[in-house]
Amino acid sequence: MNNLIPWSMMLLTSVASWALPAIDIAVIDRTALEMSSDDLLQNKPIALDSSITQVPKDSEFSLTDATGPDTPALSNRWGGGTQEPVLRWDLGSLGQGGRTLTVIKVFIDSQSPSSSGAYFKFAAHFLGKGWQDITGYIAVDVPKTVFGTNMFKVVTITFPAGEVAGFDALRLYDGKATHGYSTSTTFVEVDAFSTPGNR
């Protein structure tokens, strides 16, 4: 099953200086998952840039190091309450050739009404410029008819060529619990791809 649905909302005021990325949202079953084991975030530990009520259940690599294309390391729901969880991945020095972001893929549990919905954005840290949003908030609601065992949402964010370059860290802001939803997002995997060579 692979049903493309339109993205429902994206707030753009904070990224006015950027060319807008393309966003696709798919609802798929586990057999169609294509999680990466060789992307920019592989083996990069999660750091927390906010005080949240719940930390990763098992591992600091639990949202990036899937053990197979359809086998996530662990599903995590981040307890936000009134505090927006902010997750950070430090990527290291740019090296020869720099680093240009091409795609981010976010995999979200969609097996029950309690895990439905998402509201998140990404920012990047640029040398000499600090943190800048590279997306607005992306809000996703999935019709109840697609709930079922082994169902997932996949949000693919494709950035214009050369638009997001020269960054050394990424942040994921989970605003779901602080923007009218009853729970935080149940993230399963976050994959990011860059040139040259996902490094």
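Note that the structure is a prediction, hence the values are computed from the model and not measured.

Draft legend 1. Representation of the environment of Gln42 in the model. Tracing the chain through its elements places Gln42 in the loop between strand E3 (22-29) and strand E4 (47-48). Using a relative accessible area of 13% as the deciding quantity, one classes Gln42 as buried. In the structure, Gln42 is positioned 21 residues away from Leu63 in sequence and 9.3 Å away in space, judged by C-alpha atoms. Not counting chain neighbours up to four residues away, the residues in contact with Gln42 comprise Ser36, Ser37, Thr64, Asp65 and Ala66.

Draft legend 2. Highlighting the nonpolar core. Within the largest apolar cluster, 31 residues are counted, with the highest numbers of intra-cluster contacts made by Ile104, Phe120 and Ile134. If you list the elements that add at least two residues to this core, you get E3, strand E6 (86-90), strand E7 (100-109), strand E8 (118-126), strand E10 (138-140), strand E11 (151-158), strand E13 (167-174) and strand E14 (186-195). Looking at which element gives the most residues to this core, the answer is E8, with five residues. Among the nonpolar cores identified, the runner-up in size contains nine residues, and Leu33, Ala66, Phe107 and Val154 belong to it.

Draft legend 3. Representation of the pairing of E11 within the structure. Across the eight residues of E11, seven count as buried, placing the element largely inside the fold. Note: E3 against E11, eight bridges, orientation antiparallel. The residue bridging Asp29 from the neighbouring strand is Met151, located in E11. Pairing between E7 and E11: seven bridges, direction antiparallel. Residue pairing for E11: Phe107 is matched across the bridge by Val154.

The rules behind these values
Residues numbered from 1 in each chain as written. Predicted model: local features only at pLDDT ≥ 70, side-chain atom pairs only at ≥ 80, totals over all residues. Heavy atoms only, no water. Helix = DSSP H or I, 4+ residues; strand = E, 2+ residues; numbered from the N terminus. Buried < 20%, exposed > 50% of the residue type's maximum accessible area, 1.4 Å probe, protein only. Contact = heavy atoms within 4.5 Å. Core = buried A, V, L, I, M, F, W, Y, C linked by side-chain atoms within 4.5 Å. Pairing = 2+ DSSP bridges.

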